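# Structural description and commentary
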2 protein chains.
Amino acid sequence: MDTQSLVFAKAIADETRQQIMSHLCCVWLSVTDVVDKLDGKVNQPTVSHHLKVLQDAGLVFVRQEGRIRWYTLNQERVTMCCGQLVSQFAPDYAASIIPVSAIEQR
Amino acid sequence: MDTQSLVFAKAIADETRQQIMSHLCCVWLSVTDVVDKLDGKVNQPTVSHHLKVLQDAGLVFVRQEGRIRWYTLNQERVTMCCGQLVSQFAPDYAASIIPVSAIEQR
DNA sequence: TTGACATATTGACGCTTATCGATATGATGA
DNA sequence: TCATCATATCGATAAGCGTCAATATGTCAA
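I will try to describe carefully the structure that is included in this document. (Residues numbered from 1 in each chain as written. Chains lettered and ligands numbered in written order. Predicted model: local features only at pLDDT ≥ 70, side-chain atom pairs only at ≥ 80, totals over all residues. Heavy atoms only, no water.)

## Some remarks on the protein's contact with DNA strand C
The criterion, for reference: Here a residue is considered near a molecule or strand provided that any single heavy atom belonging to it is located within 4 Å of it. Pairs of N or O atoms are called polar contacts if they sit within 3.5 Å, as long as, within protein, a hydrogen donor faces a hydrogen acceptor (for residues adjacent in sequence, only side-chain-to-side-chain pairs). Helix and strand assignments come from DSSP, with helices taken as H or I runs of at least 4 residues and strands as E runs of at least 2, each series counted from the N terminus. Following the grouping adopted for this structure description, the nonpolar residues are Ala, Val, Leu, Ile, Met, Phe, Trp, Tyr, Cys and Pro, the charged ones are Asp, Glu, Lys and Arg, and the polar ones are all others, Gly among them.
Taken together, 23 residues lie around DNA strand C, and His50 of chain A together with Thr32, Gln44, Ser48 and Tyr71 of chain B are the ones closest in. Contact between DNA strand C and threonine 16 of chain A: a phosphate oxygen at 3.0 Å from a side-chain N or O atom of the residue. Listing elements by their share of the surface near DNA strand C, those giving two or more residues are α2 (15–23) and α4 (44–56) of chain A together with α3 (31–37), α4 (44–56) and β3 (68–73) of chain B. Across the surface near DNA strand C, the residue classes tally to six nonpolar, ten polar and seven charged.

What follows is the structure, encoded as structure tokens:
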């Protein structure tokens with residue numbers, strides 16, 4: 001069976017991780033930044049752990065700069081994984097959400 | 001925060017549940033049918049448990065007929081939840097996967 | 001009504017995982 | 001080199017969850 005949809009699902013199946021994803025959407029943040037954004041909900045080792053899970057799932061980009069490690073959300077990956085989920089579990093609807101680009105080529 | 005995406009993610013974040021979803025895609029099956037399809041992987045109470053999780057997440061339709069309870073996958077719900085995920089976590093891509101119907105109305 | 005079938009529920013068990021404190025690793029500036 | 005900052009890793013703990021055997025509930029046919 002396809003393990004990709006499972007890895008994706010497990011990665012996003014946690015509230016803290018979804019909050020981290022929200023904060024990493026469209027911006028680059030350091031680990032400390034993320035900890036601050038979560039405002040005391042969890043501490044630094046926990047954030048590092050979640051970032052590793054997200055990284056293993058290919059859901060974040062990482063960029064090292066000096067002693068700071070910058071993270072941002074991989075929106076394309078999210079889109080692809082969701083597209084795969086629809087293909088697998090909503091084939092009757094898959095055709096209706098194909099990319100605009102593919103339509104405008106008609 | 002939005003709890004909808006979390007319920008959906010948790011519901012699909014299990015291999016057995018994803019297999020059940022695959023088997024329930026486009027067809028109506030009884031609990032016994034699903035147990036048979038899984039071919040000994042898990043037994044009946046476990047299947048009932050998973051079906052309840054899927055039902056609580058709104059991911060299956062249920063239809064009672066005599067002593068048989070028929071289940072099928074709610075593909076529209078899958079599509080909506082995936083759309084919500086993209087809106088939340090891939091806003092830069094959300095515009096490029098809007099429904100064809102919305103495009104053809106231009 | 002009774003027995004058989006279909007499904008749900010319960011309680012227990014074990015595994016996974018989220019979390020933390022403590023510590024290690026790594027990089028920078030003085 | 002040394003102190004400091006940023007992040008990762010480790011070990012322990014607790015909570016969540018998937019699974020099963022046993023049993024309960026519900027439905028139908030005889």
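Next, the rest of the story.
## Structural notes on helix α1 (residues 4–12) of chain B
Note: α-helices contain 3.6 residues per turn, so residues at a spacing of three or four share the same orientation. Selection criterion: Only protein chains enter the accessibility calculation, which uses a 1.4 Å probe. A residue is then buried if its area is under 20% of the maximum for its type, exposed if over 50%, and partly exposed in between. The contact criterion used is simple: two residues touch if any of their non-hydrogen atoms lie within 4.5 Å.
Those residues of α1 of chain B not exposed but buried are Ser5, Leu6, Phe8, Ala9, Ala11 and Ile12 of chain B. Among the structural elements, α1 (4–12), α2 and α5 (75–89) of chain A together with α2 (15–23), α4 and α5 (75–89) of chain B are those in contact with the buried residues of α1 of chain B.

## Some points on the protein's contact with DNA strand D
Near DNA strand D, the surroundings consist of 24 residues, among which Thr32, Gln44, Ser48 and Tyr71 of chain A together with His50 of chain B are the closest. Of all atoms in DNA strand D that approach within 4 Å of the protein, 71% are sugar or phosphate atoms. Interatomic distance of 3.3 Å between a side-chain N/O atom of arginine 69 of chain A and a phosphate oxygen of DNA strand D. One nitrogen or oxygen atom from the side chain of threonine 16 of chain B is found 3.0 Å from a phosphate oxygen belonging to DNA strand D. When contributions to the surface near DNA strand D are tallied by element, the ones reaching two or more residues are α3 (31–37), α4 and β3 (68–73) of chain A together with α2 and α4 of chain B. When grouped by side-chain class, the residues that make up the surface near DNA strand D number six nonpolar, ten polar and eight charged.

## Concerning the pairing of strand β2 (residues 60–65) of chain B
Residue and element names in this part refer to chain B. As a reminder of what qualifies: Two strands qualify as a pair provided DSSP detects at least 2 bridges between them.
The pairing of β2 with β3 spans six bridges and is classified as antiparallel. Its bridge partner being in β3, glutamate 65 is matched across the sheet by isoleucine 68. The turn linking β2 back onto β3 is made up of two residues, and glycine 66 within it adopts a positive phi angle of 65°.

## Things to note about the state of the cysteines
What counts here: Any two cysteine sulfur atoms lying within 2.5 Å of each other are counted as a disulfide.
Taken as a whole and judged by the stated rule, the model has zero disulfides over all chains. Unpaired in terms of disulfides, cysteine 26 of chain A finds its nearest cysteine sulfur in cysteine 25 of chain A, a separation of 3.7 Å. The structure places no disulfide on cysteine 81 of chain B, whose sulfur is separated from the nearest cysteine sulfur, that of cysteine 82 of chain B, by 7.0 Å. Owing to a relative accessible area of 7%, cysteine 81 of chain B belongs among the buried residues under this scheme.

## Points about the sheet that holds strand β1 (residues 29–30) of chain B
As summarised here, the arrangement of the three strands in space is β1-β3-β2 (chain B), forming an open sheet in which the pairing is antiparallel. On the outer flanks of this sheet lie β1 and β2 of chain B, each paired with one strand and no other.

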